[in-house]
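Fold and contact review
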Amino acid sequence: MQPVLHMRACASWIMHCSMHKMALLHSPSSLHLHSARHLSSVSRGGFLASRSWSRRHHHRNIRVCSLRVQADAGTVISEPTQVEAEFVDGVLGLQQMSADGRSKQKTSELIFLGTGTSEGIPRVSCLTNPDKKCPVCWAATKLGNRNRRRNTSVLLRYCVPDGHHLNILVDAGKFFYHSALQWFPYYGIRNLDAVIITHSHADANGGLDDLRDWTNNVQATIPIYVTSRDLQVMSKSHYYLVDTSVVTKGTAVSKLQFQEITEEPFFVHGLKVVPLPVWHGPGYRSLGFRVGNICYISDVSEIPAETYPLLENCDLLILDALRPDHSSTTHFGMPQALEEVRKIHPKQTLFTGMMHTMDHDEINGQLAHLLDSEGLDIQLSYDGMQIAIDL
Ligand SMILES: [Zn+2]
Ligand SMILES: [Zn+2]
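Here's a quick rundown of the structure.

Rules behind the numbers
- All residue numbers refer to positions counted from 1 along the written sequence of the respective chain.
- Naming scheme: in the order in which they are written, chains are lettered from A and ligands are numbered from 1.
- The predicted nature of this model means local features are confined to residues of pLDDT at least 70 and side-chain atom pairs, given and counted, to a pLDDT of 80 or more, with totals for whole chains, interfaces and linings taken over all residues.
- As a rule, residues whose C-beta atom has 12 or fewer other C-beta atoms within 10 Å are exposed, those with 20 or more are buried, and those in between are partly exposed; C-beta atoms are placed from the backbone.
- By definition, any uninterrupted DSSP run of H or I lasting at least four residues is a helix, any uninterrupted run of E lasting at least two residues is a strand, and each is numbered from the N terminus.
- By the convention used here, strands pair only if DSSP detects at least 2 bridges between them.
- Fitted lines through C-alpha atoms give the axes, limited to the stretch in contact for helices. The angle between two N-to-C directions lies from 0 to 180 degrees.
- Residues are treated as contacting if the C-beta atoms built from their backbones sit within 7 Å of each other.

Let us look at the pairing of strand E4 (residues 153-159). Of all the 7 residues making up E4, 7 are buried; the element is thus mostly covered by neighbouring parts of the structure. Residues Ser153, Leu155, Arg157 and Cys159 line one face of E4 and the alternating positions Val154, Leu156 and Tyr158 line the opposite face, and both faces are buried. In this structure, strand E3 (residues 108-114) lies alongside E4, joined through 5 bridges in antiparallel fashion. Along E4, the bridge assignment pairs Gly114 with Ser153. In the sheet, E4 pairs with strand E5 (residues 165-170) via 6 bridges, with the strands oriented antiparallel.

Moving on, we come to the sheet that holds strand E6 (residues 194-196). Pairing is mixed across the open sheet formed by 7 strands, whose spatial order is E8-E7-E6-E5-E4-E3-E16. With one partner strand each, in any of the chains shown, strand E8 (256-261) and strand E16 (386-389) form the two edges of the open sheet. Sheet twist, expressed as the average angle between the axes of neighbouring strands with direction ignored, equals 25 degrees. Relative to strand E7 (residues 222-227), E6 runs parallel, the two being bridged by 2 bridges. Residue pairing in the sheet places Val195 in a bridge with Ile224 of E7. Each of E3, E4 and E16 touches helix H6 (residues 176-187); the most contacted strand, E3, lies at about 140 degrees to it. Packing of helix H9 (residues 228-237) onto the sheet brings it into contact with E7 and E8, and relative to E7 it is tilted by some 110 degrees.

Let us look at the sheet that holds strand E9 (residues 266-268). Pairing is mixed in the open sheet, where 7 strands are placed in the order E9-E10-E11-E12-E13-E14-E15. Here the strands that pair on one side only, and so sit at the sheet edges, are E9 and strand E15 (378-380). Each strand axis lies, on average, 25 degrees off the axis of its neighbour in the sheet, ignoring direction. Where E9 meets strand E10 (residues 271-279), 3 bridges bridge the pair, whose relative direction is antiparallel. Across the sheet, Val268 pairs through a bridge with Leu271, a residue of E10. Contacts between helix H11 (residues 334-344) and the sheet are confined to strand E13 (316-320), strand E14 (348-352) and E15, with E13 contributing the most and set at about 155 degrees to the helix.

Now the structure itself:
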């Protein structure tokens, strides 16, 4: 279920429950008083679901009430499923894994863990500005709103022949924990089979420390693919992860197996990954990556001539598009991103890395016209977006 659907379910459920609460508060039944107490908590926000309440109450208009809260926005939502969901920072949703840990999906897929700029959307400063209300950031405070964006990152779920999925993470930025918290339970993702790093800015690798939860509690280590130049930077920014001999005995940090890559193709669990070298500001190199006919470039201000041949016959291009008007020194703006799409000719394009001047619905409306006028199939990606891919 997509977030927007949760919003609809949420609105109708809250309306229903607030009416129900009124009735409950006037009921002499101890059971109803119990429910009313919980509902009072709900009305204040910051409430965790009552399992017993969920089990005992079936509203007329809802199959099962599994009550949940978006902790950071204080919004109560409901999920009409059999899943007992008790905690969430956003959405805790459908479990897509069967008991043996295999996804029900039989294809490879991409899950967008983040599609926004470094400071995230909403910007805190937009919500505290007394002089001007930023429509995109305020819209982004609502659960399920597609303007809500964290640092760019994508999870490639590579489906191997036995139907098992290998989870290959591209970038773990500053907001990785929050992205994982929202989307890993939602999509039933537990392990991380590899991490690939595009470059060493904080919004691409600031979450490496949080991988400790995986290597402490899920798996022994995580292979991480990184260029030597970025490893050099990490040996300063994350020195204790690169040289674990400095770690105080008994302290648990992320156990990462650093695999140095160059700008030549490499293999991750048998999957061929082709680096797409690009400029991300003058003199600063970042990598995009190609798997099969899928190309991902999240941080780019210029595509060098030698990289264009690597982008030929692209089915899906995921491309940096910071804002609607002009480019910055480090990122494509939408006009330049569109020029690149015209040059590269992918069958389909999804933009990523959008800042708060890019309203999801408004920009998608504009982009939709390009399908009619130029045959360009382009839309904005959004956090939590899941798409099936052929590998
Ligand atoms: Zn804003
Ligand atoms: Zn960057």
